[in-house]
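Structural description and commentary
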Amino acid sequence: MTRDDASRRKREVLVWIVCALTIVCCAWAPLLIKGLVPLDGNMIALSYPNWSMMRTLGSTSFLPSWNPWRNMGEPFLADPQTMAAYLPMRLLCIFPDFSMFLRVWIVVHTALAAAFLGAMAWRQHRSAPAAVTAAVMAGLNGTFTGRATFPNHFAAAAWLPAILYFQQELSPLGLGMCLAMQWLAGFP
């Protein structure tokens, strides 16, 4: 492959990546631009309280084992839905409001799912349009986007393409790390 072919190939891939990002941003425009949070009873009763408690605890390294405010008391650290041990949850709780947290949460996990499914398609077909189409389908399919009101479900679903990617790569370390992240995301 000549240098001109390689640079043309890189430009083509870059154009397709920009197309994919544009499609994803348009699809999530109500959340990303207008700040409209998808809201239902689960967001009010589960997702927001978990974020609030993790945000309160973000300034300390202490994680409580008990949550006295839900169901007259229940395990906090032992409940996988709280995502107390999930590193992205700990990192993204630095945001001061829930809307910003949810925006970044959705963008990060959509990018995670899209990147790994796109990488799988690229490895199998060596076609930028196929990789971008797979990435867009991973990030915008109804089953995935329908879980936005459950950040733990959304995060666990985002790790599925990475798990499949490392399984096809025959990488036990990558597979183990992705399975652990999916488990810690709260809904394996």
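Up top is the structure these notes are about.
This report concerns the structure included in the present document. (Residues numbered from 1 in each chain as written. Predicted model: local features only at pLDDT ≥ 70, side-chain atom pairs only at ≥ 80, totals over all residues. Heavy atoms only, no water.)

Let us look at the packing of aromatic side chains. The final tally for this structure, using the stated rule, is 11 aromatic pairs. Look at F101 and W105: their rings are 5.3 Å apart centre to centre, the planes differ by 40 degrees, and that puts the pair in the tilted class. One end of the pair is F101 and the other is W105, both in helix α5 (residues 98-125) and 4 residues apart, which spans about a single turn. A relative accessible area of 0% means that W105 is categorised as buried. Ring plane angle 25 degrees and centroid distance 4.3 Å describe the contact between F144 and F154, whose orientation is recorded as stacked. Of this pair, F144 sits in helix α7 (residues 142-145) while F154 is found in helix α8 (residues 151-158), placing the two residues 10 residues apart along the sequence. Taking the relative accessible area as the measure of exposure, F144 reaches 4% and is therefore buried. Overall, the relative accessible area of 0% leaves F154 in the buried class. Counting every residue linked through ring pairs, the aromatic cluster contains Y48, W51, Y86, F98, F101 and W105. (Phe/Tyr/Trp six-rings, centres within 6.5 Å; stacked < 30°, edge-to-face > 60°. Helix = DSSP H or I, 4+ residues; strand = E, 2+ residues; numbered from the N terminus. Buried < 20%, exposed > 50% of the residue type's maximum accessible area, 1.4 Å probe, protein only.)

Further remarks concern the side chain of T82. Its location among the elements puts T82 in the loop between β2 (74-75) and α4 (87-92). Classification of T82 as buried rests on a relative accessible area of 0%. Those residues in contact with T82, other than ones at most four positions away along the chain, are N50, M54, F76 and M89. (Contact = heavy atoms within 4.5 Å.)

Moving on, we come to the environment of F187. Within the secondary structure, F187 sits in the segment after α10 (172-184). Among the residues examined, F187 registers a relative accessible area of 43% and is labelled partly exposed. Remark: the alpha-carbon pair of F187 and F116, spanning 71 residues in sequence, is separated by 19 Å. In this structure, F187 is in contact with N152, H153, A156 and Q182, ignoring residues within four places of it in sequence.

Okay, the packing of α5 against helix α9 (residues 160-169) next. Helix-helix packing is described using two parameters, namely the angle between the two axes and the distance between the axes. Where α5 contacts α9, the two axes come as close as 8 Å, and the packing angle between them is 30 degrees. In this structure, α5 crosses over α9, and the sense of that crossing is left-handed. Residues A113, F116, L117, A119, M120, R123 and Q124 of α5 touch α9, and the partners they reach there are P161, A162, L164, Y165, F166, Q168 and E169. Of the residues assigned to the contact of α5 with α9, the class counts are 10 nonpolar, 2 polar and 2 charged. (Axes fitted to C-alpha atoms, helices over the stretch in contact; angles between N-to-C directions. Left-handed = near helix turned anticlockwise from the far one by under 90°. Nonpolar A, V, L, I, M, F, W, Y, C, P; charged D, E, K, R; others polar.)

Let us look at helix α3 (residues 41-57). Relative to the 24 Å expected for 17 residues at 1.5 Å per residue, α3 spans 24 Å between its end C-alpha atoms, a close match to the ideal helical length. Helix geometry: α3 is bent most strongly at S47, by close to 30 degrees, with proline P49 lying one to four residues after it. All of the buried residues along α3 are M43, L46, S47, N50, W51, M53, M54 and L57. Considering only its buried residues, α3 is in contact with β1 (66-67), α4, α5 and α8. (Expected span 1.5 Å × (residues − 1). Bend = angle between axes of the 7 residues up to and from the residue.)

Turning our eyes to something else, we now look at the pattern of salt bridges. With the rule as written, the count across this model stands at 1 salt bridge. Ionic pairing is found between E169 and R123, a salt bridge with its closest N-O pair at 2.5 Å. Here E169, found in helix α9, pairs with R123, found in helix α5; they are 46 residues apart in sequence, far enough to count as distant. Given a relative accessible area of 25%, R123 falls into the partly exposed group. (Salt bridge = Lys/Arg side-chain N within 4 Å of Asp/Glu carboxyl O.)

This is a description of form; function is not addressed.
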